[in-house]
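Structural features, examined
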Amino acid sequence: MNQILIDQDNALAVEALIGSATAALLKQQRADGHWVFELEADATIPAEYVLLVHYLAEQPDLELERKIGAYLRRIQAVHGGWPLYHGGAFDVSATVKAYFALKMIGDSPDAPHMARARAEILRRGGAGKTNVFTRLLLALYGETSWNNVPTVPVELILLPRWFPIHLSKMSYWARTVIVPLLVLAAKKPLARNPRGVHVGELFLPQVASKRAPHQSAAWSAFFGALDGLLKGFEPFWPKRLRSRAIDRCVAWTTERLNGEDGLGAIYPAMANSVMMYDAMGFAPDHPDRAVARRSIEKLLVVKDAEAYCQPCVSPVWDTALMCHALMEARTEAADAGVAQALEWLKDRQVLDVKGDWAEERPSVRPGGWAFQYNNAFYPDLDDTAVVVMALDRAKERAAPDADYTQAIARGREWVEGLQSRNGGWGAFDADNVYYYLNNIPFADHGALLDPPTDDVSGRCIGMLAQLGAGPDDRHMRAGVEFLRRSQLQDGSWFGRWGVNYIYGIWSALAGLNAAGIDPQEPMMRRAADWLVSIQNADGGWGEDCDSYRLDYDGYERAASAASQTAWALLGLMAAGQVDHPSVARGIRYLKATQRDDGLWPEETYTGGGFPRVFYLRYHGYAKFFPLWAVARFRNLKNGNSRRVAHGL
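Residues numbered from 1 in each chain as written. Predicted model: local features only at pLDDT ≥ 70, side-chain atom pairs only at ≥ 80, totals over all residues. Heavy atoms only, no water.

**Let's talk about the overall build of the protein**
Looking only at helices and strands, the protein has 22 helices and five strands in total. Rg of the C-alpha trace for the protein: 25 Å, near the compact-globule value of 26 Å for 648 residues, within the 12% margin. Dimensions along the principal axes, computed over C-alpha positions, put the protein at roughly 75 × 55 × 50 Å. Residue burial in the protein is summarised as follows: out of 648 residues, 63% are buried. Sequence-distant contacts, at least 24 apart, represent 74% of the contacts inside the protein between residues at least 6 apart. Carbon and sulfur atoms form 54% of the exposed surface of the protein, whose accessible area is close to 24200 Å². The positive charge centre, built from 69 side chains, and the negative charge centre, built from 75, are 4 Å apart in the protein. (Helix = DSSP H or I, 4+ residues; strand = E, 2+ residues; numbered from the N terminus. Rg over C-alpha atoms; globule rule 2.2 N^0.38 Å. Buried < 20%, exposed > 50% of the residue type's maximum accessible area, 1.4 Å probe, protein only. Contact = heavy atoms within 4.5 Å. Areas by Shrake-Rupley, 256 points an atom, 1.4 Å probe, with all protein chains shown as cover. Lys, Arg positive; Asp, Glu negative; His and termini not counted. Charge placed at Lys NZ, Arg CZ, Asp CG, Glu CD.)

**Side note on the pairing of strand 5 (residues 614-618)**
Of all five residues that make up strand 5, five are buried, and the element is covered over most of its length. With burial as the criterion, each face of strand 5 is covered, one bearing Phe 614, Leu 616 and Tyr 618 and the other bearing Tyr 615 and Arg 617. Bridge analysis of strand 4 (residues 607-610) against strand 5 gives three bridges, and the strand direction is antiparallel. Looking at strand 5, one finds that Phe 610 is bridged to Phe 614. A loop of three residues connects strand 4 with strand 5, the two strands running antiparallel in sequence, and Arg 612 in this loop sits at a positive phi of about 75°. (Pairing = 2+ DSSP bridges.)

**Some remarks on the sheet that holds strand 4**
Strand order in the open sheet made by the three strands is 1-5-4, with antiparallel pairing throughout. Two strands bound the open sheet, and with one partner strand each, they are strand 1 (39-40) and strand 4. Relative to strand 5, strand 1 runs antiparallel, the two sharing two bridges. Across the sheet, Glu 40 pairs through a bridge with Arg 617, a residue of strand 5.

**Quick notes on the pattern of salt bridges**
For the structure on display, the rule yields 41 salt bridges. A salt bridge links Arg 421 to Asp 431, with the nearest nitrogen and oxygen atoms 3.3 Å apart. Of this pair, Arg 421 sits in the loop between helix 15 (405-417) and helix 16 (454-466) while Asp 431 sits in the loop between helix 15 and helix 16, and the two are 10 residues apart along the sequence. Of the residues examined, Arg 421 reaches a relative accessible area of 67% and is grouped as exposed. Among the residues examined, Asp 431 registers a relative accessible area of 5% and is labelled buried. Connected through salt bridges with shared partners, the residues Arg 161, Glu 359, Glu 360, Arg 361, Arg 421 and Asp 431 form a single ionic network. (Salt bridge = Lys/Arg side-chain N within 4 Å of Asp/Glu carboxyl O.)

**Topic: unusual backbone geometry**
In this structure, Asn 193 takes a positive phi of about 50° despite not being glycine. With respect to the element layout, Asn 193 can be found in the loop between helix 7 (172-187) and helix 8 (217-233). Here Asn 193 falls in the buried class, since its relative accessible area comes to 8%. Although it is not a glycine, Asn 258 sits at a positive phi angle of roughly 70°. Mapping Asn 258 onto the fold places it in the loop between helix 9 (239-255) and helix 10 (267-279).

**A closer look at helix 3 (residues 62-74)**
Here helix 3 spans 18 Å end to end across 13 residues, near enough to the 18 Å set by a 1.5 Å rise per residue. Three or more residues of helix 3 are buried, namely Leu 64, Glu 65, Lys 67, Ile 68, Gly 69, Tyr 71 and Leu 72. For helix 3, the elements touching its buried residues are strand 1, helix 2 (44-55), helix 4 (92-105), strand 2 (300-302) and strand 3 (307-309). Its side-chain oxygen 3.1 Å from the backbone nitrogen of Glu 63, Asp 61 forms the N-cap of helix 3. (Expected span 1.5 Å × (residues − 1). Polar contact = N/O pair within 3.5 Å; in protein donor to acceptor, adjacent residues only side chain to side chain.)

**Brief notes about helix 13 (residues 332-346)**
Two residues of an α-helix separated by three or four positions point the same way, owing to the 3.6 residues in each turn. Compared with the 21 Å implied by 1.5 Å per residue over 15 residues, the 21 Å span of helix 13 between its first and last C-alpha is a close match. Taken as a whole, helix 13 has its buried residues at Ala 334, Gly 337, Val 338, Ala 341, Leu 342, Trp 344 and Leu 345. Axial view of helix 13: buried residues confined to an arc of 155°, hence all on one face. (Arc of directions from axis to C-beta.)

**Some points on the packing of helix 15 against helix 16**
Interaxial distance between helix 15 and helix 16 falls to 11 Å at its minimum, and their mutual angle equals 135°. The orientation of helix 15 with respect to helix 16, classified from their angle, is oblique. In the packing of helix 15 onto helix 16, the handedness of the crossing is left-handed. Contacts between helix 15 and helix 16 pair Arg 412, Val 415 and Glu 416 from the former with Cys 460, Met 463 and Leu 464 from the latter. Counted by class, the contact of helix 15 with helix 16 contains four nonpolar, no polar and two charged residues. (Axes fitted to C-alpha atoms, helices over the stretch in contact; angles between N-to-C directions. Parallel < 35°, antiparallel > 145°, perpendicular 65-115°, else oblique. Left-handed = near helix turned anticlockwise from the far one by under 90°. Nonpolar A, V, L, I, M, F, W, Y, C, P; charged D, E, K, R; others polar.)

**Quick notes on the side chain of Ser 171**
Secondary-structure assignment places Ser 171 in the loop between helix 6 (132-140) and helix 7. On the basis of relative accessibility, which here comes to 0%, the residue Ser 171 falls in the buried class. Setting aside residues no more than four positions away along its own chain, Ser 171 makes contact with Asn 432, Ala 447, Leu 448, Leu 449 and Asp 450.

**Quick word on the packing of aromatic side chains**
If you walk through the whole model with that rule in mind, you get 36 aromatic pairs. Ring centres 4.5 Å apart and planes at 25° place the aromatic pair Tyr 172 and Tyr 378 in the stacked group. You can see Tyr 172 sitting in helix 7 and its partner Tyr 378 sitting in the loop between helix 13 and helix 14 (381-393), a full 206 residues away along the chain. The burial state of Tyr 172 is the same as that of Tyr 378; both residues are buried. Stacked on the ring of Phe 90, the Lys or Arg Arg 124 has its end atom at 4.0 Å from the ring centre. Positioned over the ring face of Trp 146 is Lys 188, at 5.4 Å from the centre of the ring. (Phe/Tyr/Trp six-rings, centres within 6.5 Å; stacked < 30°, edge-to-face > 60°. Lys NZ or Arg CZ within 6 Å of the ring centre and 35° of its normal.)

**Observations regarding the side chain of Arg 632**
On the secondary structure map, Arg 632 appears in helix 22 (residues 621-639). The exposure class of Arg 632 is buried, given its relative accessible area of 3%. Apart from the residues lying within four places of it in its own chain, the contact partners of Arg 632 are Glu 328, Leu 570, Met 573, Val 644, His 646 and Leu 648.

**Points about the state of the cysteines**
A covalent bond between the sulfur atoms of two cysteines is referred to as a disulfide. In the structure shown here, the tally under the stated rule is zero disulfides. As a non-bridged cysteine, Cys 312 has Cys 309 as the owner of its nearest cysteine sulfur, 10 Å distant. The closest cysteine sulfur to the non-disulfide-bonded Cys 460 is located on Cys 323, 18 Å from its own sulfur. (Disulfide = S-S within 2.5 Å.)

**Side note on the layout of surface pockets**
Taken as a whole, the second largest pocket spans an internal volume of roughly 700 Å³. Forming the boundary of the second largest pocket are 28 residues, of which Tyr 435, Pro 451, Thr 453, Phe 494 and Arg 496 lie nearest the centre. Taken together, the residues of the lining of the second largest pocket break down into 15 nonpolar, eight polar and five charged. (1 Å grid on protein atoms, 1.4 Å probe; cavity = no way out; pocket = protein on both sides within 12 Å on 5 of 7 lines; lining within 4 Å. Points joined across faces, edges and corners; volume = space filled by probe spheres on them.)

**Looking at the environment of Asn 10**
Along the chain, the position of Asn 10 falls in helix 1 (residues 8-26). C-alpha separation for the pair Asn 10 and Arg 588, spaced 578 residues apart in sequence, amounts to 9.6 Å.

**Description of the confidence of the model for the protein**
Taken as a whole, the protein shows an average pLDDT of 93; of its residues, 93% reach a score of 70 or greater. With pLDDT under 50 throughout, residues 1-5 is counted as low confidence; its partners more than four residues away or in other chains account for 17 contacts. (pLDDT = per-residue confidence, 0-100.)

What follows is the structure, encoded as structure tokens:
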């Protein structure tokens, strides 16, 4: 069995796979050297886009609305509602937003697809059972009372940092969404809604749910009582204090507006910033409002028959990962594409802006990379580690005039500076571990924080090891111990930003392999054994987004996916198992499922946004990760090596 891919015929087949995938991906490189693939979420973002246009009473693009309607109808599930990911269960919040948007577009409530959705919404308690962000949208449209929305006073922006509830204690995405929302909650504007569309038929007499499943009864009782006090006191807030707080929110937002890339470079924050400027009386042609509004248009994906709005874009992430995959391919054309891409990446390092991360680490110099084209206030550790490793890997093959020394050094300095006290790394901030905040009524999504995670920590460990940090390096030692403690009993690691334990285990094993951890160590053996044990009969690996549920009790089999199969293979090879029969079977699966165009199909969502709330389909993952895994396999077999020389 181990010889399955060593004979000449199979070696040629592997080379053909690598060649066709490499050629297909190089064709998708942009003229300036970068790659960017579609980033698809669920129905909520395109639905919110439609509703934003009518909230502002803009002249709608009827053809665009028609295409968004076609998209929303296509992704409606057989259960009658809209799920959070392909094939997922009914989600009441996504379904209410999709129903509202389709009705706004002109779909009759009596149409079969609308009637099915409405029946399912009502069967599950009605629109009052939606999450906080959905109820906020409904309140802005006058569909529900602001009493059904948790009170978040705008004066929050004025509180000192030592106060238990403070913006700096929240994640970057929560911060950018909440600040303009504070103004909206204070002013309580009403959507213009020129078509006069309403969704009162979705409501039942029940009030909104008071506590999310992740929230403790004691904390919820405390914060619930506090919410009641705030609601009672709201009419009596000092007007001068409120005015000062509103002005501070507007100034905070404007400072971070980020041009046409938008506040935080994520749709919810961008949309809230536009509505905030509108509520403040800024005319549509006011420079700040106008640029905020244009940033949203750049998220649209418009095709011949359909259109949708992305939650954000991922060019730095896509380009950096593409570079690693192509460096495994080892062809002249691939090397040329990588060289151009690295120059593009180098120019996007943030060296002159101390973002919000500096609240916790004021003495650290900037030096990271963001996920999007521009997001200087919010670079992230994951992208930074992956870019630095790509720059470092390419040094020997770089053009004579390419010098990445300073970029690598500043990136490393920033990553080391943002290591949390427990040894791990979060995505955007250090020590963002104020877990009690996830119990406030506003945090029913359970994603208010950005604590250290296994996947990001594995990446940062891999970067440090690749740059020469040894076992005695304090950052390396603390990071490895973090992963040692966080490994689950079954041998896996949690994948915060990818679905899920397969992603986490690859990320951790890649870092630990680079750090020199012996494949025979129990930590490594247990991880490899877990991956082998969950391989599907077809040779691939798969995992469902349901693995994020709170009562998760071990792996549950799911259909194989190209990206997850590639992660499992990369993880096994990092654990020294390149000769294991499971690896050969996985390579066979990828060879058998490669399409004629050289790439792989994948409709499943394998990216994490917020566990249990928001998932992502990275359209690039099924394109470059399989190439990466198969090329890595070939290189290890040809080199008779059982270790990977770098941190990914």
